[in-house]
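Coordinates in review
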Amino acid sequence: MKKGPESRASMLAAPGSLMESDPDTNSSNGTSAREKDMLPSPGELENVPVKTSTETSRKKLCGYLNKLGIKGPIKTWKSRWFFYDENKCRLLYYRTAQDINPLGSIDLSSASFDCKMENGEGIFEIRTPSRAFTLKAISKQAMMYWLQQLQMRRWEFCNTQSRFPVGSSQLVNEPLAGRTNVVDNEHFLPLVKTPTEAVGLKAASLPAPQTSTALQNISLKHPWTEIQNTVYNICGSKQLWGSNGNVFSFDEFQEHPENVDEEQEADGAVKEGTLEDGRMGPRLNWIRKAKWMNSGFPGSEELLREKNSVDKVSVLQQQILTLTEEVKSQKELVKLLHKALEAAQQEKRVSNMYLTATEDKDRLELVRHKVRQIADLTSRLEALEQEKKEMEQILTLRDSHIQELKEHVQLLMEKNHAKQEVIMTLTEQMARELSDPLQEANTITVETLYKQQEEIEHLKDDIDAYKTQNQFLNSEIHQVTRLWTSVAENEKALLMKCACLQARNCQMESKYLTVLRKLQEAVPGLPNSHAELVKNLIQEALQWDVKEEAEEGFNLNPVSEYDEYGFMTVPDYEIEDWKLLAKIQALEIKSNKLRSQEIVEKPLRDRWNSIGELNPCAELKSLIRSGIPVEHRQRVWRWMVSRHCSPAPGHYQRLLEQSRSTEHPACRQIELDLPRTLTNNKHFSSPTSQLIPRLRRVLLAFSWHNPAIGYCQGLNRLAAVALLVLEDEESAFWCLVYIVENLMPADYYSETLITSQVDQRVFKDFLSEKLPRLMAHFEQYRIDVSLITFNWFLVAFVDSLVSDILLRVWDAFLYEGTKVIFRYALAIFKYNEEEILRIHDSVEIYQYLRFFTRMITDGRKLMNIAFNDLNPFPMKLLRNRRSMHKEELEAELCELEQIKAAYVKERAEQGPQDLEEVVSEEEEES
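Since the structure is predicted, the reported quantities are computational estimates derived from the model, not experimental observations.

With that settled, consider the confidence of the model for the protein. Averaged over the protein, the pLDDT score is 76; the fraction of residues at 70 or greater is 69%. This model gives residues 240–304 a pLDDT under 50, and the stretch forms 114 contacts once residues within four places in sequence are excluded. The low-confidence segment residues 545–557 (pLDDT under 50) makes 18 contacts with residues lying over four places distant or belonging to another chain.

Turning our attention to a negative patch on the surface. Taken together, Glu457, Asp461, Asp462 and Asp464 make up a surface patch of like negative charges. Counting through the fold element by element, Asp464 comes out in helix 13 (residues 437–521).

Every α-helix carries 3.6 residues per turn, so stepping three or four residues along brings you back to the same face. Over its 14 residues, helix 27 (residues 803–816) extends 20 Å from the first C-alpha to the last, a length consistent with the 20 Å expected when each residue adds 1.5 Å. Here helix 27 lies mainly inside the structure; 13 of its 14 residues are buried. Following helix 27 by one or two positions, Gly817 adopts a phi angle in the positive range, close to 105 degrees.

Once that is clear, we can look at helix 22 (residues 715–726). Along its twelve residues, helix 22 runs 16 Å from first to last C-alpha, staying within 8% of the 16 Å computed at 1.5 Å per residue. For helix 22, the buried fraction is high: twelve of the twelve residues fall into the buried class. By the burial criterion, the buried members of helix 22 are Leu715, Asn716, Arg717, Leu718, Ala719, Ala720, Val721, Ala722, Leu723, Leu724, Val725 and Leu726. Packing partners of the buried residues in helix 22 comprise helix 18 (630–644), helix 20 (667–673), helix 21 (691–705), helix 23 (729–743), helix 26 (786–795) and helix 27. Backbone geometry just downstream of helix 22 places Glu727 in the positive-phi region, at approximately 70 degrees.

To continue, consider a positive patch on the surface. A cluster of basic side chains, namely Lys328, Lys331, Lys335 and Lys339, defines a positive patch on the protein surface. Within the secondary structure, Lys339 is located in helix 11 (residues 309–356). What makes Lys339 exposed here is its relative accessible area of 61%.

Scanning all chains against the criterion turns up 22 salt bridges. Two residues, Glu86 and Arg153, come together in a salt bridge whose shortest N-O distance is 3.4 Å. Placement of Glu86 in the loop between strand 2 (74–85) and strand 3 (90–94) and of Arg153 in helix 4 (residues 140–161) is noted, with a sequence separation of 67 residues between them. For Glu86, a relative accessible area of 32% translates into the label partly exposed. Between Arg882 and Asp759 there is a salt bridge whose closest N-O contact spans 2.8 Å. Residue Arg882 is located in helix 32 (residues 875–925), and its partner Asp759 is located in helix 24 (residues 754–770); the two are separated by 123 residues in the primary sequence. Grouping residues by exposure puts Arg882 and Asp759 together as buried. In this structure, a network of salt bridges that share partners links the residues Arg773, Lys830, Glu833 and Glu834.

This paragraph deals with a nonpolar patch on the surface. On the surface, a nonpolar cluster with roughly 450 Å² of combined accessible area is contributed by Tyr354, Leu355, Leu364, Val367 and Val371. Elements with a contribution of two residues or more to the nonpolar patch: helix 11 and helix 12 (360–434). Among the elements that take part in the nonpolar patch, helix 12 stands out by supplying three residues, more than any other. On the secondary structure map, Val367 appears in helix 12.

So, on to unusual backbone geometry. Of note, the bond from Asn871 into Pro872 is cis; its omega dihedral lies within 30 degrees of zero at 0 degrees. Structurally, Pro872 is set in the loop between helix 31 (859–869) and helix 32. Positioned with a positive phi, Asp747 is a non-glycine residue whose angle comes to about 65 degrees. Structurally, Asp747 is set in the loop between helix 23 and helix 24. Even without being a glycine, Ala796 presents a positive backbone phi close to 55 degrees. Mapping Ala796 onto the fold places it in the loop between helix 26 and helix 27.

So, how was this worked out
Residues numbered from 1 in each chain as written. Predicted model: local features only at pLDDT ≥ 70, side-chain atom pairs only at ≥ 80, totals over all residues. Heavy atoms only, no water. pLDDT = per-residue confidence, 0-100. Contact = heavy atoms within 4.5 Å. Patch = residues over 30% accessible without salt bridge, like charges linked within 9 Å, V, L, I, M, F, W, Y side chains within 5 Å. Areas by Shrake-Rupley, 256 points an atom, 1.4 Å probe, with all protein chains shown as cover. Salt bridge = Lys/Arg side-chain N within 4 Å of Asp/Glu carboxyl O. Lys, Arg positive; Asp, Glu negative; His and termini not counted. Charge placed at Lys NZ, Arg CZ, Asp CG, Glu CD. Helix = DSSP H or I, 4+ residues; strand = E, 2+ residues; numbered from the N terminus. Expected span 1.5 Å × (residues − 1). Buried < 20%, exposed > 50% of the residue type's maximum accessible area, 1.4 Å probe, protein only.

In structure tokens:
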């Protein structure tokens, strides 16, 4: 069956092949330069039927572009054949479409495109991370077509490569569901029509763009590639044209196409000879080329029917010019090769003479001759270098002289220009005086309008150009943004996977340590070998360093030794059982943080970032209850303190001066409590810590500020927490003042601590109402919870809760007041209610209550219990209970005072009589 033009199109699919190529019939090396000149004319190619997308593979992107080459300070445009490689998303470029080896490539997978109208028509840039390539198309339409096609190919390649592999774990793959993006139909730039004269089959059939000189288009950076391509084209042309070697002889070609049987045989031979990679062997390739030449050469009957003799002559002349230019470039290359060959032959002759010499004297004479030649060349080189230096000096002098002459010429030109302006001004003045004023005005108006119209046309052209540029840049920004979004989503999914896996790992480690703890409790009943094994496992678990583990492998959020405020994440207890519990607690906290990081913490942080000026409202109250992020906590705490306690300027400094001049009675007690403040925090654990002197100054200043209280044990821990968060001494001082004088009721830190005792009675009432089963359990085993909870209320849970939960409690406490302490105290018992109810021994209950607050790891769960499960919790009820119990306590204290006074009075009356009885007893004994 006759293939006709389709077979011709299939012959042009080499590295420099055309667009409509079939990958199953591609030739291995492409067509040569001579074959290209024998292509059908453009008019004939327009009539070539092209297969639709359903019949052929996808069209390839290729064509001629000018590439800006840089040789030091010299910049030149070089014509290159560009071909897009879909498999690797690279743009290969060759010197001609017939070359087999590319001169280089441009990686488009991470490149961006840009076009600037001010650079010139058809010029655009491809920027890769390592280099920027400047290319030039023959027209604006061709430039926009290239840019649009490159954008589409880059998006398809990146979208295919960014597909995330789906694993087997449902939990791991769940975050990536629905993350694969598809190309939408949104187009910032309308679809550009294919410029057939610049891209594709017709562009390749035309001669390659020529440069002013033959060597200008040759790549000097890739000489070996140039030689390979040249040799390949020459050999291929000789094999194609026959033994006569005349590439300009067109008479030997048949004017009529081969018959159908011969063509079918040739096609069968080509199919049988096709290689595994889709490229044909050289012999069969030449058979196909000859068949194509016979069927498509302008001397065929088909061409005679379609074109007249003038068209044939013009096509042949154009082909002759192209081949002539090619021959010139090849001749120059052959000259260079001849010179290199002569030098090599001369060297070979000398070497042969040296080897054929029979005696050592002859060889020595040859060596001496070479030495003399080397010395002569060295002297000539030195003379040439000296001459070069002299010529450079002369050139420098001439350059300076030329510069002076240029300045002089410039001065003369300026003078001449000034004189011409004067002459023009005088001429115009005379013309105005001699001509009619109305006619002159009309002439000026017409000229002005003409110039304005020209400017308007230019501005319109500029506006159209910038509109096109803006459309393309918008499409480029949109596509790059989508690619970046896709990568960011994949990265986010990976981080979520890693967090889930780490949370699981922490849970497994926590369960492992819990099992070890259970085994530790059962050690007395185990055999000696098993007990020794359990002890070794416990020692290994306690000595495991989290930081070393984090360095060995990837760790998203490693458990550091200290948190953001310096609190130890794993407290160093002396009792081994407590050490194991602390380790379990640290792992549970880390697991909860990892699980809530993306789901809870990140949205909460985003809401805090969106808040500008702070104003009391329900939304702010809800955010504060959820916990203030570390980066916002200091600002919010300062705002809450300043709302109710206005700092007096200079007041803190005056108090410090007073404390330095006069010693306060509480100074000794303060010094005793400083080393016992926050021993689990690195900023206070050592007597030489920097915050110890600052804490001392804050406490002394407060003792002078409030003489009624002076100093009370517990104030040191309140001030220490304020220092850790606010960092500034004066801010911590006013925070302490705000807590003692505004948040806490009066007499909370007085000598009698009467209000603190009242709150314990109120808390017992709330405990009976909110948790009746637990309170009945305490009453059954005669447990006084005030022995545990009194310190909670006095220091607002400092040293009782882990640092992360403690600071969340303080966030709400500073905003809402002491009601928060009641809420969290009840929530702590609710959190551990079932564990406490399972203990049926009073001693064990007291031991459990000593450390059970440190085992609370889920701060979110505790917060939900405090602010949701315990509702309603009205402040009015709290005030009424406080008033009632305060009256009862004051009455009890008054009664105790009366009993005490009566007892003292009775002892005073009985004192002398008792003394006489004691003396008489001593005398009797003596």
